[in-house]
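# Structural overview for review
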There are 2 protein chains.
Amino acid sequence: MTFELFYWPGLQGRGEFVRLAFEATATPYVEIVRGDSPGQGLDALLHAMDDPRCIDPPYAPPFLRVGDELIGQTANILAYLGPLLGLVGESPRARRWVNQLQLTLADLVAEVHDGHHPIASRLYYSNQRAEARKRTADLIDYRLPKFFEYFERVLAHNPHPGGWLSEGAMSYADLSLFQVIEGLYYAFPRAMTGFATAFPRCRAVRDAVAREPRIAAYLKSSRRIAFNTTGIFRYYRELDRASPF
Amino acid sequence: MTFELFYWPGLQGRGEFVRLAFEATATPYVEIVRGDSPGQGLDALLHAMDDPRCIDPPYAPPFLRVGDELIGQTANILAYLGPLLGLVGESPRARRWVNQLQLTLADLVAEVHDGHHPIASRLYYSNQRAEARKRTADLIDYRLPKFFEYFERVLAHNPHPGGWLSEGAMSYADLSLFQVIEGLYYAFPRAMTGFATAFPRCRAVRDAVAREPRIAAYLKSSRRIAFNTTGIFRYYRELDRASPF
């Protein structure tokens, strides 16, 4: 089984949540857009999305090609990969729970994106800077605390030892929580100053994931694209501010 | 097995996607917030969310209680109910595909919500009216066409007869597509004028769902809350406008 990942070039974006699942488990995968063989590159992504013979077209990247099946939507891809890669518990209940956590993280990711693009994704940030300042203020003052109080509570109430979100082992939701926290440190260094003190269990998940040998190696490799201002998490100095935490 | 649905009172909101699954299949369910027995009402919802003994707390309504399990996130609830209620195909591939479609519909729903609340969910619409006008213009001019061109294409490419999104039978994604289209007709009557002509297959799904005897009966019953300006789909005359379709 070959896993072919299709995602936009040059940014981590939502593709990164899928990459982390592969990297954490040393699972071979092909990044179609980064290859230059026939059937690879950006054209291959656009072709796969627009192929009129495709009966299961994705709405947007990231999507995975496995045989003749295209699997889109980040949480859907992870719900598929989780059991195959050992990144979720065995029971149906554990799988529902980790999917639920992933969907809540996806909501947070969408809110972070809309912080710099509150009016229109297709327009430049510079066209919506005033609105972005208002929305990001609300994100930092109200939304981030609400989301992280929730994840902190989930971690505190997990009866299994280990400090993970679900049961006693790292799941793909932990990988995604790591990625969201990393992204927020990049985008809002000032707001995140007190994060580790306010949300120690969340911070501990971030640290534990970063210490996983395969993840640590990945983060140092050229496969890890650096955060930049074309992704979801963007550093614009004028949007960063002191946070209530 | 008793299905207990927890959702805010007085609005359809995201709870409606779950209600439609129950109603379409004549599955008994208890609306906790609408009851006045012990353990029911709004207090019961707040209590269930804040119960410190809960190991799988939902971030937000809607959520379902089944035995001692709480299942949150609309798409996660439907991925759970779909197989139990016969609202998704048998194969893992069909289930992934319908989940993917549901998540794309969830993205659209979030964008519609942010049309009237582009700056902050916690503030009134009247505090973000100017920004709402800009964001809704983009929604109507660019986002709705992009989403419905996608669903129209999915319907056109489905090799099974019947006119449904997946395989040859109505799935929970069809119910959700119905709900989104209904909501848009309520919120944007002017923009939706040409919808049936521009997106005939989507419109046909809406009509087919509305004609299902159980859904038709539900829509006429007191259980169906009317659309109103506290839900996701809101009619504000100043936000409606001519659309490109």
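Residues numbered from 1 in each chain as written. Chains lettered and ligands numbered in written order. Predicted model: local features only at pLDDT ≥ 70, side-chain atom pairs only at ≥ 80, totals over all residues. Heavy atoms only, no water.

### A short note on the pairing of strand S4 (residues 69–72) of chain B
Residues and elements named next belong to chain B.
- Neither face of S4 is exposed, since Glu 69 and Ile 71 on one face and Leu 70 and Gly 72 on the opposite face are all buried.
- Across four bridges, the pairing between strand S3 (residues 63–66) and S4 is antiparallel. Bridge pairing in S4 links Phe 63 to Gly 72.
- Between S3 and the antiparallel strand that follows it, S4, lie two residues; Gly 67 among them carries a positive phi value of about 65°. (Buried < 20%, exposed > 50% of the residue type's maximum accessible area, 1.4 Å probe, protein only. Helix = DSSP H or I, 4+ residues; strand = E, 2+ residues; numbered from the N terminus. Pairing = 2+ DSSP bridges.)

### Quick word on the interface of chain B and chain A
- Taken together, the contacts link 46 residues of chain B with 46 residues of chain A.
- Around 4,500 Å² of area is buried between chain B and chain A when both sides are counted, 47% of it from carbon and sulfur atoms.
- Here B:Glu69 and A:Arg96 are joined by a salt bridge, their closest N and O atoms 2.8 Å apart.
- Put simply, the parts of the chain that give the side of chain B that touches chain A at least two residues each are helix H2 (42–50), S4, helix H3 (74–85), helix H4 (92–116) and helix H5 (129–157) of chain B.
- Element by element, the count of residues in the side of chain B that touches chain A is highest for H5(B), at twelve residues. (Contact = heavy atoms within 4.5 Å. Buried area = accessible area lost by both parts, 1.4 Å probe. Salt bridge = Lys/Arg side-chain N within 4 Å of Asp/Glu carboxyl O.)

### Focus: the UniProt feature "domain: GST C-terminal" (unreviewed entry) in chain A
- UniProt's entry tags residues 91–232 of chain A with the feature "domain: GST C-terminal" (unreviewed entry), counted in the numbering of this structure.
- For residues 91–232 of chain A, the end-to-end C-alpha separation is 32 Å, with 66% helix and 0% strand making up the annotated structure. (UniProt positions renumbered as here; feature names shortened; annotations may be inferred.)

### What to know about the sheet that holds S3(B)
Residue and element names in this part refer to chain B.
- Taken in spatial order, the four strands line up as S2-S1-S3-S4 in an open sheet, and their pairing is mixed. Here the strands that pair on one side only, and so sit at the sheet edges, are strand S2 (30–31) and S4.
- Bridge analysis of strand S1 (residues 4–6) against S2 gives two bridges, and the strand direction is parallel. The residue bridging Glu 4 from the neighbouring strand is Val 30, located in S2.

### Concerning H2(B)
- Buried within H2(B) are the following residues: B:Ala44, B:Leu45, B:Ala48 and B:Met49. Each buried residue of H2(B) sits inside an arc of 135° when the element is viewed along its axis, so together they form one side. Exposed side of H2(B), more than 90 degrees from the buried face: B:Asp43, B:His47 and B:Asp50 are the residues found there.
- Among the structural elements, helix H5 (129–157) of chain A together with S1, S3 and S4 of chain B are those in contact with the buried residues of H2(B). (Arc of directions from axis to C-beta.)

### Re the packing of H4(B) against helix H6 (residues 172–187) of chain B
All names here are of chain B.
- Packing of H4 against H6 brings their axes to within 9 Å, and their N-to-C directions diverge by 20°. If you check the angle between H4 and H6, you find them roughly parallel. Here H4 runs over H6; the crossing is left-handed. Contacts between H4 and H6 pair Val 98, Asn 99, Leu 101, Gln 102, Leu 105, Leu 108, Val 109 and Val 112 from the former with Tyr 172, Ala 173, Ser 176, Leu 177, Val 180 and Leu 184 from the latter.
- Of the residues belonging to the contact of H4 with H6, the class tally is eleven nonpolar, three polar and no charged. (Axes fitted to C-alpha atoms, helices over the stretch in contact; angles between N-to-C directions. Parallel < 35°, antiparallel > 145°, perpendicular 65-115°, else oblique. Left-handed = near helix turned anticlockwise from the far one by under 90°. Nonpolar A, V, L, I, M, F, W, Y, C, P; charged D, E, K, R; others polar.)

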